[in-house]
Amino acid sequence: LLDSKTIDIIKSTVPVLAEHGKAITTRFYQMMFTNHPELLHIFNHVNQKQGKQQQALANTVYTAAQYIDQLETLLPAVKQIAHKHRSLGVKAEHYPIVGEHLLLAIKDVLGDAATDEIINAWGEAYGVIADVFISVEQEMYNEAAQKPGGWDGFREFIITKKIEESDVITSFYLKPKDEGNLSSFQPGQYITVKAVIPGEDYTHLRQYSLSDSPDKDYYRISVKREDRKEEIPAGIVSTFLHQQVSEGDTIEITAPAGDFILQEKEKRPVVFLSGGVGQTPMISMLKTLAKKNTTTDVTYIHAAINSSHHAFDEEIRSIVNESEHMSYYVSYEQPTAKDHQAKNYKKEGYVDLPWLQSILKNNDADFYFCGPVPFMKAMNQALKEWNVADDRIHFEFFGPKGSLEN
Ligand code: HEM
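Quick summary incoming for the structure in this document. Worth saying up front: this structure is predicted, and the values here are computed from it rather than measured.

The rules behind each value
Residues numbered from 1 in each chain as written. Predicted model: local features only at pLDDT ≥ 70, side-chain atom pairs only at ≥ 80, totals over all residues. Heavy atoms only, no water. Salt bridge = Lys/Arg side-chain N within 4 Å of Asp/Glu carboxyl O. Helix = DSSP H or I, 4+ residues; strand = E, 2+ residues; numbered from the N terminus. Buried < 20%, exposed > 50% of the residue type's maximum accessible area, 1.4 Å probe, protein only. Pairing = 2+ DSSP bridges. Contact = heavy atoms within 4.5 Å. Axes fitted to C-alpha atoms, helices over the stretch in contact; angles between N-to-C directions. Near = heavy atom within 4 Å. Polar contact = N/O pair within 3.5 Å; in protein donor to acceptor, adjacent residues only side chain to side chain. Nonpolar A, V, L, I, M, F, W, Y, C, P; charged D, E, K, R; others polar.

## A few points about the pattern of salt bridges
A full pass over the atoms with the stated rule returns 22 salt bridges. When the shortest N-O distance is used, the salt bridge between K5 and E117 registers 2.7 Å. With K5 in helix 1 (residues 4–19) and E117 in helix 7 (residues 116–146), this residue pair connects regions lying 112 residues apart in the sequence. Since its relative accessible area comes to 52%, K5 is described here as exposed.

This is the structure we're talking about:
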C-alpha cells in the first residue's frame, strides 16, 4: 500500500498531469511503439490516429490516481476495461512496459517540474493501479478458459456462412475449426477478431458484438462495411471481411467478453434503442428474451438511414410477431421514394423524446442503447430528460468508451 506522503504527491499532481494529459499520452504511445513495435499487433492504429485511445487511457489513469486510496470504488469501470483487455489478449507482462513508458512520457513533457519524488510516487501509484487490472483480468482469463466449451487466447473458427443483411451489413457464422464445444455467452457480449490481412505489417484486432442468441452451435457477428468518408479512410478490417473473406475461410477469435448485458434480475419492461449496426448486441438480447417466452414488455426501436441500410428487419419482425409482449418500431432518417410508398417505417427523422413518450407508457423500464456516438448522446439526453434513473440506462460504445455528456 502507498504511504500518505506518496498519496499526497499523487493527488496534488493529478491536475498538472491532467492538464498535459493528451501531450503525455501521445508521447507515451510514440515512445512505447518505437521501443516495442510488437505491441502494434494489439493496438488499434485508427483509434491511435484519432487520439481517442490516448484520451481514454489518460483519463482512466488520472481518475484512478485521484481515487488511489479507494480504488474499489472504480471497480465497475476497471471491469469494463478489463473485459476489453482480456478480449484483446493483454497480459500481466505488458503492464511494466506501459508503466515504464508512461513515466518516461511524464518526464519528457513536464521536464524539470517532474522531480524524482513525483516520478517515484507515480511509479508506485501505477504499480497499484496495474495490480488491480492484472488481478481482475487474470480472473477473467481463468473464467473464459474454464467455462464448458471455453478457451483462453485465440481459437480458429471456420466461416460457415456469409450472409448479406443490407447494403452495408454482412453476417458471418462461425464454428470452431477443432469441432469442439462452443461456450455460451451473455447476450450483448462481443468477441475479438484477429485479421491477418495480406500486405499489412501487423495483425488488426477488432471487436464485434455477437448478434445471435447464445444457445446455438455457432457464433454470429454482423459487420458494417466502413466505406471511405471524406477524410476518414475506409475501415481496413471491415473491408477485408466483406471483400476478402469467404465461406470456408478460417479466422481467429477470442472468447466472448463484455459487461453490456441483459439485466434480468429485475422484472422491468425492456426497451432497446439502436442506431445502424448498433443493433447487433440488441438482437442477441431480443432473441434470448424470445427464447424464454418472456412475459415482460419488450420494445425494440431501431433507427436506420433507410431500408437499403436497414439490416435484420425481417428477422426482428418475425420474432416480435410471435410474442404478444413484444413490439417493434422503425425510424428512417432519409426514407427513399420506395420507403415512402411502402410505409415500412413509423417515423421519419431522428428518434426523440416525444416519439419515445408516444410509444412507451412511462419511463419505468430498463433502457439499452447502442449506435453511432451522436445517436447515443441523443438517447442519453432524452432518457435523462425523462428522469430515467442512471441504473436503468445501459449502453455500449463501439470503440473506445467516450463521454455522452456534451
Ligand atoms: C483499451 C486503460 C494497460 C492495451 C483501454 C481503454 C482504457 C485503458 C481506458 C479503453 C477502453 C474502452 O474502449 O472503453 C488502461 C489502463 C492501463 C492499461 C489504465 C494500466 C493501468 C494496458 C496494457 C496494454 C493495454 C498494459 C497492453 C499493452 C490496450 C488496448 C486497448 C486498450 C490494445 C484497446 C484500445 C484500442 O486499441 O483502441 N485501456 N490500459 N492497456 N488497452 Fe489499456
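## What to know about the sheet that holds strand 11 (residues 366–370)
The sheet built from 6 strands is open, its strands ordered 10-9-8-7-11-12 with parallel pairing. In this open sheet, the two edge strands, each paired with only one partner strand, are strand 10 (347–348) and strand 12 (393–396). Pairing analysis gives 2 bridges linking strand 9 (residues 326–332) to strand 10, with the strands arranged parallel. Pairing of S331 across the sheet is with K347, part of strand 10. Those strands touched by helix 10 (residues 313–321) are strand 8 (298–304) and strand 9, and its axis lies near 155° from that of strand 9. Contacts between helix 13 (residues 373–385) and the sheet are confined to strand 7 (270–275), strand 8, strand 11 and strand 12, with strand 11 contributing the most and set at about 160° to the helix.

## So, unusual backbone geometry
Most peptide bonds take the trans form, and the phi angle of most residues other than glycine is negative. Unlike most non-glycine residues, E230 shows phi in positive territory, near 45°. With respect to the secondary-structure elements, E230 resides in the loop between strand 5 (219–224) and helix 8 (236–244). Positive phi outside glycine occurs at N293, with the angle close to 50°. Position of N293 among the secondary structure elements: in the loop between helix 9 (280–291) and strand 8. Among the residues examined, N293 registers a relative accessible area of 63% and is labelled exposed.

## As for the pairing of strand 1 (residues 155–164)
Regular strands place side chains that alternate from one sheet face to the opposite one. Taken together, the 4 bridges between strand 1 and strand 6 (residues 250–253) define a ladder with antiparallel strand orientation. Directly across from R155, in strand 6, lies its bridge partner I253. With 7 bridges connecting them, strand 1 and strand 2 (residues 169–176) associate as antiparallel partners. In the sheet register, K162 faces strand 2, and the bridge partner there is F172. Connecting strand 1 to the antiparallel partner strand 2 that follows it, the hairpin turn spans 4 residues.

## Considerations on the site of the ligand
Taken together, 25 residues are adjacent to the ligand, and N44, N47, T60, K84 and H85 come closest. Backbone polar atom of N44 to an oxygen atom of the ligand: 2.8 Å apart, as the coordinates give it. With respect to the ligand, the side chain of H85 contributes an N or O atom lying 2.9 Å from a nitrogen atom. A per-class count over the shell around the ligand returns 15 nonpolar, 8 polar and 2 charged.

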